[in-house]
Amino acid sequence: MEQDVLYFFDSKPEALPLYEAFEEKLFSEVDRVKVKVQKTQIAFSNRHNFAFISFLPVRKAKERPEAYIVVTFGLGYCLESQRIDAAVEPYPGRWTHHVLISGTEEIDDELIGWVKEAAAFSDGKR
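Each value, and the rule that gives it
Residues numbered from 1 in each chain as written. Predicted model: local features only at pLDDT ≥ 70, side-chain atom pairs only at ≥ 80, totals over all residues. Heavy atoms only, no water. Core = buried A, V, L, I, M, F, W, Y, C linked by side-chain atoms within 4.5 Å. Buried < 20%, exposed > 50% of the residue type's maximum accessible area, 1.4 Å probe, protein only. Helix = DSSP H or I, 4+ residues; strand = E, 2+ residues; numbered from the N terminus. Contact = heavy atoms within 4.5 Å. Salt bridge = Lys/Arg side-chain N within 4 Å of Asp/Glu carboxyl O.

Enquirer: Lay out the nonpolar core in plain terms, naming residues and giving numbers.
Expert: Grouped together as the largest cluster of nonpolar side chains are 36 residues, with contacts concentrated most on Phe9, Phe22, Phe44, Phe50 and Phe73. Counting only elements with at least two residues in this core, the list comes to helix H1 (3–8), helix H2 (16–29), strand S2 (41–45), strand S3 (49–54), strand S4 (69–75), strand S6 (94–101) and helix H3 (109–123). Leaving out residues up to four positions away in the same chain, Phe22 has contacts with Phe44, Ile53, Val71, Ile107, Leu111, Ile112 and Val115.

Printed below as a string of structure tokens:
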């Protein structure tokens, strides 16, 4: 584990196992992923950023669990699923989706499938 990742989770160490599970599953499914730790998020990229981990407050405080991460990814369409906490279209034909994860069992084939699709979508951008 990189020191900068550990520092990112310094204020929320209970969420680190969620990140570790996500990173492990992502790296086993998507090739040539680069990781960039920033102040408010961890970005995953190929040619472009395609997924992010953050603590974005996508739910009201009383509805957020104590330990969670938010997985954010972009697709060319609005994904319809009850698992999506928020979806916005910042540019025509580019949808940003936010999924709150509070247990490692939620880092499943469906979520990773969406992230893989986001990686392919990102890689196809000009």
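Enquirer: Any details on the pattern of salt bridges? Residues and values, ideally.
Expert: Tallied over the entire structure, the rule returns six salt bridges. Asp109 is paired through a salt bridge with Lys25; the nearest N and O atoms lie 2.9 Å apart. With Asp109 in helix H3 and Lys25 in helix H2, the pair connects residues that are 84 residues apart, well separated along the chain. The class for Lys25 is partly exposed, based on a relative accessible area of 24%.

Enquirer: How would you summarise the environment of Glu14 if you had to cite specific residues and measurements?
Expert: In this structure, Glu14 sits in the loop between H1 and H2. Between the alpha carbons of Glu14 and Tyr68 there is a distance of 8.1 Å; along the sequence they are 54 residues apart. In this structure, Glu14 is in contact with Glu66 and Ala67, ignoring residues within four places of it in sequence.

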